[in-house]
Amino acid sequence: METKTKKYTYKDFASDQEIRWCPGCDDYVILRSVQKALADLEIPKEDVVFISGIGCSSRFPYYMDTYGMHGIHGRAPAIASGVKLANPDLSVWVITGDGDSLAIGGNHFIHVLRRNIDLNMILFNNRIYGLTKGQFSPTSFVGQKTKSSPYGNTQPPFHAGELAIGAQARFFARVAGNMPAEMAEIFTAAGRFEGTSLIEVLQNCVIFNDGCYAEYTDKSVRADKQLYVEHGKPMIFGKDRDKGLVLEGLRLRVVKLGENGVTPEDILVHDACEQDPTLHQMLIRLEDPLVTGIIRSYGDVTFEQREDALTRQVKSNSDFRKTDDLFFSGETYEVH
Amino acid sequence: MPKSNYAMIKTSPEARDIQSLEAVVVRFVGDSGDGMQLTGTQFTDTSAMFGNDVATFPNYPSEIRAPQGSLYGVSGYQVHIGSIEVSTPGDNVDLLVAMNPAGLKTNLYAVKPGHTIIADSDSFTKKNLEKAQYETNPLRDGSLENYRVIEVAMTSLTKEALKGVEGLDNKSITRSKNMFALGMVYWMYHRSPEHTIDFFRKKFRKQPHLIEANTKVLNAGYYYSETLELIPNSYSIAPAKMPSGTYRVIMGNTATAWGFLAAAEKSGRELFLGSYPITPASEILHELVKHKHFGVKTLQAEDEIAGISSAIGAAFAGDLAITTTSGPGLALKGEALGLALMLELPLVVVDVQRGGPSTGLPTKTEQSDLLQAMYGRNGDSPLIVIAASTPANCFHFAFEACRLALEHMTPVILMTDGYIANGSAPWKIESAASLPEIGNRILREAREDWQPYQRDPETLARSWVLPGTPGLEHRLGGLEKDNPTGNVSYVPGNHEEMTRIRSEKIRRVQHRIPDVVPEFASEGDLLVVGWGGTYGALHTAVKQMQQEGYGNIGLAHFNYINPLPGNTGEVLRAFKKILVCELNTGQFAKLLRINFSGLEPEQFNKVQGLPFGNDELMDKFKQLLS
Ligand code: SF4
């Protein structure tokens with residue numbers, strides 16, 4: 001969509017502000033991946049806007065040498081919608097967390113997805129409240145001990161992806177916070193996607209929830225525990241690339257290539273662009289392996305495109321060009 | 001009965017006894033389905049075009065589809081027309097047109113003794129009387145003997161008039177009886193039905209049989225009055241003296257919306273409205289959404305917070321951003337308003353006040369959000385508060401709110417209320433050329449030494465740098481800002497300094513707003529003080545006091561609340577007594593006490609969801625003057 005392009009390196013996107021995240025936090029990796037993706041997208045940086053809510057992740061805009069706004073808790077999608085509608089030429093990014101977008105900002109989260117405004121939303125999901133020092137979040141698991149659940153959390157969690165699909169998300173990706181190359185690739189794809197793209201980053205909080213995704217993201221296990229899907233490719237994973245997914249009735253099942261006569265042709269091929277989200281939903285729910293990558297990327301009309309078409313139509317059918325045309329139209333009368 | 005021939009209408013029948021009046025108040029009441037709003041609007045427009053001053057107030061039931069004939073399903077429309085200046089829809093009515101018993105029952109209190117009631121006798125059936133909780137028929141039991149009652153079998157006469165018109169079902173026949181009533185009222189007040197017939201021609205362009213039917217019924221009512229000996233005379237109300245120009249009758253909420261359209265055109269910014277529906281503010285959204293031809297962008301958001309948040313985003317990106325609401329919504333917008341104030345972005349928030357607290361009285365008027373507008377946010381968070389005072393000047397103050405927001409880089413709260421928002425009055429149309437210019441603080445070129453919170457030395461407004469401007473990339477946020485870099489700062493002294501700057505910035509707006517001009521007297525024994533939507537009532541009452549010989553009473557009405565006009569203290573102190581009249585328990589009086597030490601204003605407060613009545617005001621004034 002953008003016609004202007006410019007060559008950058010990731011360094012061009014770093015602001016002069018000292019970064020205040022805890023050492024070892026995945027947020028650093030995400031920041032670098034975003035900067036890398038923006039360099040790849042070649043969008044002039046004056047046309048890039050980052051909007052955030054409140055939480056550890058929401059400090060993000062301060063560290064980007066672009067336009068940015070650190071908003072209020074949960075409202076970033078609404079603020080960003082206003083930015084994009086005011087100036088559709090901007091590349092608008094929302095930075096949010098699990099508390100910010102799934103608890104206090106839940107309403108904006110679902111409605112922005114439903115409208116499909118061309119925004120890119122990165123959800124830092126660390127399954128904990130970091131900035132307020134360690135309470136459970138809407139993605140914390142039942143039994144999780146936190147400052148506000150010393151005997152174990154009693155509230156079952158959301159799957160961000162399931163919620164997003166329920167809200168008509170057209171683009172949903174999931175990626176581990178310790179995989180910078182994959183993150184950059186996904187962010188780039190999200191930046192190119194027209195419509196709201198949601199990327200859930202499984203982000204480790206070293207202070208309050210260290211290791212919360214280790215069973216999937218640790219380098220020693222991730223090849224076997226994560227299935228990184230790519231559009232058009234068979235869903236094969238494993239250290240030896242010998243495992244794959246097949247559809248059996250209404251369930252996804254892991255099969256081993258070569259066992260029981262299973263050949264690569266039997267493995268499901270990922271179709272991210274399919275309009276029907278049923279399979280995407282199943283992939284999102286799968287726990288072993290955990291599916292990462294771009295799970296859904298269904299191109300659809302955006303809100304701005306609909307509004308723009310309507311505006312053109314109304315304009316072409318109307319004689320009103322200036323307010324005077326309206327004010328002096330219809331039932332007016334003269335007083336002498 | 002005349003044939004359906006428009007030319008047969010004689011607008012000045014000779015054989016009639018015409019009595020001339022200065023002003024008259026007419027109220028049309030009936031079932032929600034009886035078309036009372038349309039009838040009232042037609043009478044208003046016809047009178048305005050004739051040259052009368054007009055003021056109207058609709059009264060809808062709060063239920064969307066109340067049971068037919070029920071007391072709470074009554075819909076009303078009151079219009080005050082005059083050959084003199086008319087500033088309120090009037091307290092008591094000279095003519096009540098009651099289409100059913102429930103309408104009569106709920107509105108009889110307002111009819112001046114000795115004055116006229118026109119009733120559709122066909123609708124006074126046993127069933128309808130029961131629904132209206134009448135034990136006996138008031139048209140028969142003598143309970144209306146203090147009034148001049150004109151019983152008309154409107155339903156049958158309407159059916160009669162429509163005999164032979166093709167393509168009408170029973171329902172549409174009975175539903176057009178409101179036009180019979182309107183025809184009668186036109187005759188009584190010496191008004192030509194032509195405007196309304198024109199209206200039918202436009203409205204039913206594609207259904208010619210409806211043009212014919214409505215015109216027939218209207219004419220039938222008109223001629224029925226003429227030939228009816230029950231109406232002994234008719235009245236004329238000469239045109240009012242108003243400044244010359246082109247006028248139209250406008251509703252307050254429409255005027256507000258149009259003020260924004262004009263401000264957008266004048267400032268060269270695109271208009272963005274982020275809004276969530278709420279009574280009685282929704283009509284501003286309904287109006288603005290129509291105007292896509294001017295490039296107006298509207299977002300009906302998922303909630304009040306998203307309404308203002310999207311507007312903040314739009315303001316950041318360079319639009320003239322508006323959000324509209326009423327009291328409960330303003331409460332929800334509080335946190336985001338604080339953000340806008342911290343970001344120092346231009347934003348206009350309209351609060352069309354209604355009865356509170358909580359859900360309160362959604363369809364009734366009140367002025368009880370004033371302190372919420374002033375202080376309803378965390379932290380020291382001053383912003384501009386202004387208030388419109390008539391349906392027509394909603395246009396001016398909506399425009400003014402935009403001007404102040406854009407020139408001073410701050411959120412502005414514009415207060416109106418259900419009474420002026422739904423009321424209508426003549427508006428002398430303001431063409432774009434006659435409106436003042438609106439400046440802005442946009443900076444388009446990168447400058448070496450630029451800082452986000454650098455300020456104009458005079459107004460203290462920072463510059464507005466829109467995303468898309470190369471070389472000026474910057475970050476804003478709700479955390480305290482370092483002066484002037486805008487970086488996050490926790491330095492104690494900086495916070496105090498920024499707090500003082502934000503407050504001084506609003507204080508300095510006083511240099512850019514007009515003085516308050518007292519009316520009727522600039523010194524004397526009693527100064528009546530009001531703000532916002534009570535202007536019509538206060539003005540009328542003080543004027544009448546003057547006419548009765550009380551020369552020592554003045555009126556100071558405020559549109560600028562924060563900051564107050566520079567001469568406020570001086571104006572107030574020129575009178576021995578001050579009486580602050582408000583539709584709340586004394587919120588503006590509190591503000592005056594805070595701002596002017598030693599000032600001990602008296603208060604006159606009403607919190608019934610109703611506007612001030614003339615008599616109660618004058619009684620209070622007289623009491624204080626005795
Ligand atoms: S508290 Fe957790 S999420 Fe927040 S910066 Fe520290 S490690 Fe990162």
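Residues numbered from 1 in each chain as written. Chains lettered and ligands numbered in written order. Predicted model: local features only at pLDDT ≥ 70, side-chain atom pairs only at ≥ 80, totals over all residues. Heavy atoms only, no water.

Observations concerning the domain arrangement of chain B
All names here are of chain B.
Then step 1. The assigned domain composition of chain B is domain 1 (9–237), domain 2 (243–513) and domain 3 (524–625).
Then step 2. Domain 2 and domain 3 are separated by 27 Å when their C-alpha centres are compared.
Then step 3. Contacts between the two partners involve 34 residues from domain 2, matched on the other side by 26 residues from domain 3.
Then step 4. Roughly 2,400 Å² of surface becomes buried between domain 2 and domain 3 when both sides are summed, with 63% attributable to carbon and sulfur atoms.
Then step 5. Among the residues domain 2 hides against domain 3, the three largest losses belong to Gln367, Leu370 and Ile513. Together they make up 26% of the total.
Then step 6. Along the contact surface separating domain 2 from domain 3 lie 0 salt bridges.
Then step 7. Summed over the shared surface of domain 2 and domain 3, the result is 15 residue pairs in polar contact (both at pLDDT 80 or more).
Then step 8. Those elements that provide at least two residues to the side of domain 2 that touches domain 3 are α13 (370–375), β14 (384–387), α14 (393–408), β15 (411–417), α15 (418–422) and α16 (492–507).
Then step 9. When residues of the side of domain 2 that touches domain 3 are assigned to their parent elements, the largest contribution, 5 residues, is made by α14. (Domains from an automatic or database assignment. Contact = heavy atoms within 4.5 Å. Buried area = accessible area lost by both parts, 1.4 Å probe. Salt bridge = Lys/Arg side-chain N within 4 Å of Asp/Glu carboxyl O. Polar contact = N/O pair within 3.5 Å; in protein donor to acceptor, adjacent residues only side chain to side chain. Helix = DSSP H or I, 4+ residues; strand = E, 2+ residues; numbered from the N terminus.)

Here's the deal with the pairing of strand β19 (residues 553–558) of chain B
Residue and element names in this part refer to chain B.
Then step 1. A large share of β19 lies buried, amounting to 6 of its 6 residues.
Then step 2. The alternating pattern of β19 places Ile553, Leu555 and His557 on one face and Gly554, Ala556 and Phe558 on the opposite face, and all of these are buried.
Then step 3. Summarising the sheet, strand β18 (residues 524–531) and β19 pair through 6 bridges and their orientation is parallel. Residue tryptophan 531 lies in a different strand from β19, and its bridge partner there is phenylalanine 558.
Then step 4. In terms of handedness, the path from β18 via helix α17 (residues 535–547) over to β19 forms a crossover that is right-handed. (Buried < 20%, exposed > 50% of the residue type's maximum accessible area, 1.4 Å probe, protein only. Pairing = 2+ DSSP bridges. Right-handed = clockwise from strand over helix to strand, strands pointing away.)

A look at the nonpolar core
All names here are of chain B.
Then step 1. Core analysis: the biggest nonpolar cluster contains 156 residues, and Phe260, Ile312, Val529, Ile561 and Phe588 have the highest contact counts within it.
Then step 2. Per-element tally for this core: the top contributor is α14, with 10 residues.
Then step 3. Looking at which domains feed residues into this core, each of domain 2 (243–513) and domain 3 (524–625) gives three or more.
Then step 4. Leave out the neighbours within four places in its chain, and valine 529 touches Leu538, Ala556, Phe558, Leu572, Ile578, Leu579, Val580, Cys581, Phe588 and Leu592.
Then step 5. The next biggest cluster of nonpolar side chains, apart from the first, holds 53 residues, and it includes Val79, Leu168, Ile211 and Tyr247. (Core = buried A, V, L, I, M, F, W, Y, C linked by side-chain atoms within 4.5 Å.)

Concerning the sheet that holds strand β11 (residues 297–300) of chain B
All names here are of chain B.
Then step 1. Taking strand neighbours across the sheet as the criterion, the 7 strands line up as β11-β10-β12-β13-β15-β14-β20 in an open arrangement whose pairing is mixed. Strands at the two margins of the open sheet, each flanked by one partner only, are β11 and β20 (560–562). Taken pair by pair, the neighbouring strands of this sheet meet at an average axis angle of 20 degrees, ignoring direction.
Then step 2. With 4 bridges connecting them, strand β12 (residues 320–325) and strand β13 (residues 347–353) associate as parallel partners. Each bridged residue has a counterpart across the sheet, and for isoleucine 322 the counterpart in β13 is valine 348.
Then step 3. Packed onto the sheet, helix α12 (residues 327–343) meets β12, β13 and β15 and runs at close to 160 degrees relative to β13. (Axes fitted to C-alpha atoms, helices over the stretch in contact; angles between N-to-C directions.)

Some details on the pattern of salt bridges
Then step 1. Counted under the stated rule, the structure contains 46 salt bridges over all chains.
Then step 2. Across the pair A:Asp242 and A:Lys256 runs a salt bridge, and its minimum N-O distance is 3.8 Å. With A:Asp242 in the loop between β8 (236–237) and β9 (243–248) and A:Lys256 in strand β10 (residues 251–256), the pair connects residues that are 14 residues apart, well separated along the chain.
Then step 3. Here A:Lys256 falls in the partly exposed class, since its relative accessible area comes to 37%.
Then step 4. Residues joined by salt bridges that share partners form a network here, namely B:Glu400, B:Arg403, B:Glu407 and B:Arg512.

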